[in-house]
Amino acid sequence: MTTMTAAAREGAIDHATKYYEEGRFQSDLGALVAFETESQNPEQKAELMRYLREAMEPRLVAMGFACEIFANPDPRGGPLLVGERIEDPALTTVLTYGHGDVIRAQTDQWREGLHPFRLVEEGERLYGRGTADNKGQHLINIAALEAVLAERGRLGFNVRIVIEMSEETGSAGLPEFFAAQKDRLQADVLIASDGPRLQPDTPTMFMGSRGGVGFDLIVDLREGAHHSGNWGGLLADPAMILAHALASICDRRGQIKVPEWRPDSLTPAVRAALDGLPIEGEDGPAIDHDWGEESLTPAERVFGWNSFAVLAMTSGVPEAPVNAISASARATCQLRYVVGTDPEDILPALRRHLDREGFGMVKIVPMDRGFFKATRLDPDHPWVKFTAASLARTAGKPPHILPNLAGSLPNDSFSEILGLPTVWVPHSYRGCSQHAPNEHVLKPVCRDALRAMAGLFWDIGETGGPGA
Ligand SMILES: [Zn+2]
């Protein structure tokens, strides 16, 4: 690289740094947080459209995007914005994505002095609902594109952008919309941001996510409860049957015993990618090293394996127990799974397993709410290597690379429906209280992320990406 192009790369990164240091990032984020875009709250439906029309569209149009806002094909979902900035159809096209909706505000649970829809600065933190998930993250990416435009006058590549407003309710309609708009969303790669960095001071990349399946296990034996003195010893206890059924699914350290739930995808390449990744930090509870698949490292357990959880469980009335054998027991369960597990066979496999173990009386009732499917991209994919090299150059150290996020994202719509390689560069950190009161971002991470993304977008414009 010549000195001149290296200086221009620095120029683009400087624009992004100034955007942060002059306070514009903070005031722009404050403006986005003020939109009360709770997609789980039907009373805020109008806010979803207002976010797209008033916060996103004008800014993107000023950057030379042609934008269109679509009604969601699924009546449960909010509107979707699609924008495109095509410099030359022969150039590389990047698709980027963000979600402008946020989870429930939980206003009365925020700490004194904070409010979900007001950006509050405290030390290194910026508090507000959506700062981390996901307003701050797509703002950073949009501002990084602006920084490249400011330096070069053009991007050097084409961009398409999708902003959806229903991610927190499971991205209703997104798969159908993508299937219908496949041509319009055509691109070479998805580069987007959501979720946390593994450690705040080091960029992270992930290329997919774990999927999830939710279901109830119900043991419903008879009409009503019966006196535990007169009937105890004569009537089977549903809570105990349910406990034994659960114990047949996982052993006492949480190792999965359903054969089909044990993935076959923890390859040497994936193990190598996960080797040495820091899992423990100050920003969360201490890890239980004696929990989970014994032969695996903690990183392999959370990023490379499946995990079963009992989210809630009940029999009788725990708040007011009576002397009776209860009639039924219920556990709400979840399997988080990685690629290498057949999503269509998760519940049938559980049925076969429970029957084999003598628990034919345990009913499996799938949850209504859909979940995202597991996805993953090979850590050796050219776009992974290209992005990693660019992030390393800006940060001065290599990024942490995860084959997939432990949590879930609508990544299957990008990877399966649009057929794109997917590279996610998260801009938050694990202690951000995403999906809880006191959600916040760290200011140094935002500054760092603006610089990293400006460098990445600069490099794509300079070289056309790995395929060019
Ligand atoms: Zn979220």
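A short tour of the structure in this document, coming up. (Residues numbered from 1 in each chain as written. Predicted model: local features only at pLDDT ≥ 70, side-chain atom pairs only at ≥ 80, totals over all residues. Heavy atoms only, no water.)

**Section: unusual backbone geometry**
- The omega torsion across Asp 133 and Asn 134 is 10 degrees, close enough to zero to call that bond cis.
- For Asn 134, the position within the fold is in the loop between β5 (125-127) and α4 (135-152).
- Its identity is not glycine, yet Gln 106 carries a phi of approximately 55 degrees, on the positive side.
- With respect to the helices and strands, Gln 106 occurs in the loop between β3 (93-99) and β4 (120-122).
- Gln 106 sits in the partly exposed class, given a relative accessible area of 23%.
- With phi around 65 degrees, Asn 438 is a residue other than glycine that occupies positive phi space. (Helix = DSSP H or I, 4+ residues; strand = E, 2+ residues; numbered from the N terminus. Buried < 20%, exposed > 50% of the residue type's maximum accessible area, 1.4 Å probe, protein only.)

**Section: helix α7 (residues 238-249)**
- In a regular helix each residue adds 1.5 Å, so 12 residues correspond to 16 Å; α7 covers 17 Å between its end C-alpha atoms and thus fits that length.
- Here α7 has its buried residues at Pro 238, Ile 241, Leu 242, Ala 245, Leu 246, Ser 248 and Ile 249. Buried residues of α7, seen end-on, are gathered within an arc of 155 degrees and therefore sit on one face of the element. Opposite the buried face of α7, at more than 90 degrees from it, the exposed residues are Met 240 and His 244.
- In this fold, the buried residues of α7 make contact with β10 (211-220), β12 (307-315), β13 (324-325), β14 (328-337) and α10 (346-356). (Expected span 1.5 Å × (residues − 1). Arc of directions from axis to C-beta. Contact = heavy atoms within 4.5 Å.)

**Regarding the sheet that holds β4**
- In space, the three strands of this open sheet follow the order β4-β5-β19, with antiparallel pairing throughout. In the strand order of this sheet, the two ends are held by β4 and β19 (440-442), each with one partner. Across the sheet, the mean angle separating the axes of adjacent strands is 25 degrees when strand polarity is ignored.
- Examined bridge by bridge, β4 and β5 share three bridges and lie antiparallel to one another. (Pairing = 2+ DSSP bridges. Axes fitted to C-alpha atoms, helices over the stretch in contact; angles between N-to-C directions.)

**Overview of the pattern of salt bridges**
- With the rule as written, the count across this model stands at 25 salt bridges.
- The partner of Arg 184 in a salt bridge is Glu 68, and the shortest N-O contact between them spans 2.7 Å. A residue pair is termed long-range when its members are at least 10 positions apart, and Arg 184 in the loop between α5 (174-180) and β7 (189-192) and Glu 68 in strand β1 (residues 66-70) qualify at 116 residues.
- We note a salt bridge from Asp 201 to Lys 397, for which the minimum N-O separation is 3.9 Å. You can see Asp 201 sitting in the loop between β8 (196-197) and β9 (204-206) and its partner Lys 397 sitting in the loop between α11 (382-395) and β16 (400-402), a full 196 residues away along the chain. (Salt bridge = Lys/Arg side-chain N within 4 Å of Asp/Glu carboxyl O.)

**What about the environment of Glu 280?**
- By the element assignment, Glu 280 lies in the loop between α8 (268-274) and α9 (298-303).
- Using a relative accessible area of 45% as the deciding quantity, one classes Glu 280 as partly exposed.
- The sequence separation of Glu 280 and Pro 298 amounts to 18 residues, and the corresponding C-alpha distance is 9.1 Å.
- Each residue touching Glu 280, except ones within four places of it in the same chain, is listed here: Ile 287, His 289 and Arg 430.

**A short note on the coordination of the zinc ion**
- Here the zinc ion is held by Asp 133 (OD), Glu 168 (OE), Glu 168 (OE) and His 435 (NE2), and the distances to it run 1.9 to 2.6 Å.
- Between the four donor atoms coordinating the zinc ion, the angles at the centre fall across 54 to 136 degrees, so the site counts as irregular.
- Each donor residue of the zinc ion belongs to the same chain, and together they define the spacing D-x34-E-x266-H. Here the residue Asp 133 occupies a position in the loop between β5 and α4, and Glu 168 occupies one in the loop between β6 (158-164) and α5, the gap between them amounting to 35 residues. (Donors = N, O, S within 2.8 Å, 3.2 Å for Na, K, Ca; no water. Tetrahedral: all angles 85-135°; square planar, octahedral: opposite > 155°, others 65-115°.)

**Some thoughts on the nonpolar core**
- The biggest cluster of nonpolar side chains holds 67 residues, and the ones touching the most others in it are Phe 25, Met 56, Leu 60, Leu 81 and Ile 460.
- Per-element accounting of this core gives the leading share, 11 residues, to helix α13 (residues 443-463).
- In terms of nonpolar packing, the next biggest core, distinct from the first, is built from 32 residues, Val 82, Leu 174, Leu 409 and Phe 414 among them. (Core = buried A, V, L, I, M, F, W, Y, C linked by side-chain atoms within 4.5 Å.)

**Brief notes about helix α3 (residues 45-62)**
- Its 18 residues give α3 an end-to-end C-alpha distance of 26 Å, which sits within 8% of 26 Å, the value for a rise of 1.5 Å per residue.
- The sharpest bend along α3 measures roughly 40 degrees and falls at Met 56, with the proline Pro 58 sitting one to four residues further on.
- Taken as a whole, α3 has its buried residues at Glu 47, Leu 48, Tyr 51, Leu 52, Ala 55, Met 56 and Leu 60.
- Packed against the buried residues of α3 are α2 (24-33), β1, β2 (80-85), α4 and β6.
- Positioned one or two residues after α3, Gly 64 has a phi angle of 95 degrees, which is positive. (Bend = angle between axes of the 7 residues up to and from the residue.)

**Quick notes on the packing of α3 against α4**
- Running from N to C, α3 and α4 cross one another at 20 degrees; their axes reach a closest spacing of 11 Å. The orientation of α3 relative to α4 falls into the category roughly parallel. In this structure, α3 meets α4 at a crossing whose hand is left-handed. Across the interface between the two elements, Tyr 51, Met 56, Arg 59 and Leu 60 of α3 pack against Lys 135, His 138, Leu 139, Ile 142, Ala 143 and Glu 146 of α4.
- For the contact of α3 with α4, the class distribution of residues is six nonpolar, one polar and three charged. (Parallel < 35°, antiparallel > 145°, perpendicular 65-115°, else oblique. Left-handed = near helix turned anticlockwise from the far one by under 90°. Nonpolar A, V, L, I, M, F, W, Y, C, P; charged D, E, K, R; others polar.)

**Some details on the sheet that holds strand β15 (residues 363-366)**
- As summarised here, the arrangement of the four strands in space is β12-β14-β10-β15, forming an open sheet in which the pairing is antiparallel. Both outer strands of the open sheet, β12 and β15, are each paired with one neighbouring strand and no more. Along the sheet, successive strands turn relative to each other by an average axial angle of 25 degrees, direction set aside.
- Two strands pair when backbone bridges link them, and β10 and β15 are joined in this way by four bridges, in the antiparallel orientation. Along β15, the bridge assignment pairs Ile 218 with Lys 363.

**Some words on the side chain of Lys 135**
- Along the chain, the position of Lys 135 falls in helix α4.
- We note that Lys 135 is buried and unpaired, the nearest opposite charge coming from Glu 47 at a distance of 7.1 Å.
- Of the polar contacts made by the side chain of Lys 135, one reaches the backbone oxygen of Phe 35; its length is 2.9 Å.
- Filtering out sequence-adjacent residues up to four positions away, Lys 135 remains in contact with Leu 29, Leu 32, Val 33, Phe 35, Thr 37, Tyr 51, His 99, Gly 100, Val 102 and Gly 130. (Lys, Arg positive; Asp, Glu negative; His and termini not counted. Polar contact = N/O pair within 3.5 Å; in protein donor to acceptor, adjacent residues only side chain to side chain.)

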